[in-house]
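Below, each chain spelled out in residue letters.
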Amino acid sequence: NLRGASVGVAREIAVVVRESGGGFPGVRALGLDLPQAGHVQVSMNVEDYEAAALHEIVERIEREAERRGAEVTGSELVGLMPAGAAVAAAGALLRIDGFDPAHVLELRLLER
């Protein structure tokens, strides 16, 4: 979700991050105007979170938005997310060296 951006800016950013525009592999993206919500959005489908990590995509969107005078104010999850995608993002954002999903208690318990 972007503040301070037009739908045109959201569309420009979508082109940058989607695979067909030279962005992340397996990412489909488009810019949407969401007038009832009061913002525009870069809406995406990420087909393979291991090929295109969610936190890296969001970081790229943040940089592109900033370059255009806009700000990322949040995001929305529609549907389900693989636990591995959330774990990878948590490990990266917490800057844990050598982080491994096996360090997550609930995932370790599920393996047993």
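It should be noted that the structure appears before, not after, this text.
Residues numbered from 1 in each chain as written. Predicted model: local features only at pLDDT ≥ 70, side-chain atom pairs only at ≥ 80, totals over all residues. Heavy atoms only, no water.

**Student:** Explanation requested: helix α1 (residues 7–17) in the structure shown.
**Tutor:** An α-helix turns once every 3.6 residues. As a result, residues three or four positions apart point the same way. Listed in full, the buried residues belonging to α1 are Val9, Ala10, Ile13, Ala14, Val16 and Val17. Buried residues of α1, seen end-on, are gathered within an arc of 160 degrees and therefore sit on one face of the element. Those residues of α1 that are buried are in contact with β1 (2–3), β2 (27–34), β3 (39–46) and α2 (54–67). (Buried < 20%, exposed > 50% of the residue type's maximum accessible area, 1.4 Å probe, protein only. Helix = DSSP H or I, 4+ residues; strand = E, 2+ residues; numbered from the N terminus. Arc of directions from axis to C-beta. Contact = heavy atoms within 4.5 Å.)

**Student:** Is there a simple way to explain the environment of Arg18 in this structure?
**Tutor:** Assignment of secondary structure puts Arg18 in the loop between α1 and β2. Separated by 27 residues in the primary sequence, Arg18 and Asn45 place their C-alpha atoms 9.3 Å from one another. Setting aside residues up to four positions removed in sequence, Arg18 forms contacts with Gly23, Phe24, Val27, Arg28, Ala29 and Leu30.

**Student:** In this structure, what is going on with the pairing of β3? I would like to understand it.
**Tutor:** Along a regular strand, successive side chains alternate from one face of the sheet to the other. Relative to β3, β2 runs antiparallel, the two sharing eight bridges. When the bridges of β3 are listed, Leu30 appears paired with Ser43. What sits between β2 and β3 in their antiparallel hairpin is a turn of four residues, with Gly38 showing a positive phi close to 80 degrees. (Pairing = 2+ DSSP bridges.)

**Student:** Sorry if this is basic, but what is going on with the layout of surface pockets here?
**Tutor:** Unoccupied space between atoms shows up once a probe the size of one water molecule is rolled over them. Taken as a whole, the largest pocket holds about 870 Å³ of empty space. Taken together, 31 residues form the lining of the largest pocket, with Met44, Leu54, Ser75, Glu76 and Leu77 sitting closest to its centre. Every element with two or more residues in the lining of the largest pocket is listed here: β3, α2 and α3 (83–93). Split into classes, the residues belonging to the lining of the largest pocket amount to 19 nonpolar, seven polar and five charged. (1 Å grid on protein atoms, 1.4 Å probe; cavity = no way out; pocket = protein on both sides within 12 Å on 5 of 7 lines; lining within 4 Å. Points joined across faces, edges and corners; volume = space filled by probe spheres on them. Nonpolar A, V, L, I, M, F, W, Y, C, P; charged D, E, K, R; others polar.)

**Student:** What am I meant to see in the pattern of salt bridges here?
**Tutor:** Pairs can form between side chains of opposite charge whenever their charged atoms are close. Evaluated as defined, the whole model comprises seven salt bridges. Glu71 serves as the salt-bridge partner of Arg3, at 3.0 Å between the closest nitrogen and oxygen. Here the residue Arg3 occupies a position in strand β1, and Glu71 occupies one in strand β4 (residues 71–72), the gap between them amounting to 68 residues. A salt bridge links Arg60 to Glu64; its shortest N-O distance comes to 3.0 Å. Here the residue Arg60 and the residue Glu64 both occupy positions in helix α2, the gap between them amounting to four residues, near one helical turn. (Salt bridge = Lys/Arg side-chain N within 4 Å of Asp/Glu carboxyl O.)

**Student:** Would you explain α2 in this entry?
**Tutor:** Taking 1.5 Å of rise per residue, the 14 residues of α2 would be expected to cover 20 Å, and the 20 Å separating its terminal C-alpha atoms lies within 8% of that figure. Those residues of α2 that fall on the buried side of the exposure criterion are His55, Ile57, Ile61, Glu64 and Ala65. At its buried positions, α2 is contacted by β1, α1, β2, β3, β4 and α3. Within two residues after α2, Gly69 carries a phi angle of roughly 75 degrees, on the positive side. (Expected span 1.5 Å × (residues − 1).)

**Student:** Would you mind going over the environment of Gly69 with me for this structure?
**Tutor:** Among the secondary structure elements, Gly69 is positioned in the loop between α2 and β4. Along the primary structure Gly69 and Arg3 are separated by 66 residues, whereas in three dimensions their C-alpha atoms are 9.2 Å apart.

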